[in-house]
Amino acid sequence: MFRRSRIAVVLFALPLVACGGGSARPQADLAASKITTIGVNSYLWRASLDTLGFMPLLQTDSNGGVIVTDWYTNPQTPTERMKVTVSILDQDLRADALRVAALREVNRNGQWVSSPVQAATTQKLEDIILTKARDLRRASIAG
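Computed from a predicted model, the values in this text were never measured in an experiment.

Along the backbone of the chain there are three helices and six strands. Sequence-ordered secondary structure for the chain, helices as α and strands as β, is α-α-β-β-β-β-β-β-α. Residues counted as buried form 25% of the 143 residues belonging to the chain. Sequence-distant contacts in the chain: of pairs separated by 6 or more residues, those separated by 24 or more amount to 45%.

The description of two aromatic rings rests on the distance between their centres and on the angle between their planes. One pass over the structure, following the stated rule, counts one aromatic pair. Centroid distance Phe54 to Tyr72: 5.1 Å. Interplanar angle 85°. Geometry classified as edge-to-face. Of the two residues, Phe54 is situated in the loop between α2 (42-51) and β1 (57-61) and Tyr72 in strand β3 (residues 72-73); the sequence distance between them amounts to 18 residues.

Here we take up the nonpolar core. Counting residues in hydrophobic clusters, the biggest one holds 21 residues, and the most contacted among them are Leu44, Val84, Val86 and Ile129. For this core, the secondary-structure elements that each account for two or more residues are α2, β4 (80-88), β5 (98-108) and α3 (119-142).

Pairing between β1 and strand β2 (residues 66-69): four bridges, direction antiparallel. Residue Thr60 lies in a different strand from β2, and its bridge partner there is Ile67.

About the cut-offs
Counting restarts for each chain, with residues numbered from 1 along the sequence as it is written. Given that the model is predicted, a residue must reach a pLDDT of at least 70 before its local features are reported, and side-chain atom pairs must reach 80 or more before they are shown or counted; all residues, however, enter totals for whole chains, interfaces and linings. Note that water and hydrogens are dropped before the side-chain values are worked out from all heavy atoms of the structure. Helical segments are the DSSP runs of H or I of at least four residues, strand segments are the runs of E of at least two, and each set is numbered from the N terminus. Here's how the labels work: a residue is buried when its accessible area is under 20% of the maximum for its type, exposed when over 50%, partly exposed in between, all with a 1.4 Å probe on protein chains only. Contacts: residue pairs with any heavy atoms within 4.5 Å of one another. Only centres within 6.5 Å qualify two rings of Phe, Tyr or Trp (six-membered ring in Trp) as a pair; their planes then separate them into stacked at under 30 degrees, edge-to-face at over 60, and tilted for everything else. For the purposes of this section, nonpolar cores are sets of buried Ala, Val, Leu, Ile, Met, Phe, Trp, Tyr and Cys residues that join through side-chain atoms within 4.5 Å. Note on pairing: DSSP must find at least two bridges between two strands before they are called paired.

Here is the structure:
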């Protein structure tokens, strides 16, 4: 009889131990710099989509972290068009987790001809995306 009561006490105590025994649980960081629900950092993903929102999107892959735009022609410069690819390389919100590549073509005599893209153009896009991503993270902490 004594043995059964000791077994019953052990069986009733197990769920309490498994639940942490009443110890304080760690608090979750609501605005963690590493968000993995979509495969890549969600702040970088959202900021990339917001930044490229004026361009037609050709392909988006949130698990692989790739956004490819279709050719975009600025109405102010109709003889020039751009195509942008954004790659998110990491799940952390870091500057080296983002890579932007761009193609540029110029219309010469009715033919689209490849033309070099200024390095400052891709650098500026990366800076805009990173700034927006940081702002999104700060907003999620505050609100």
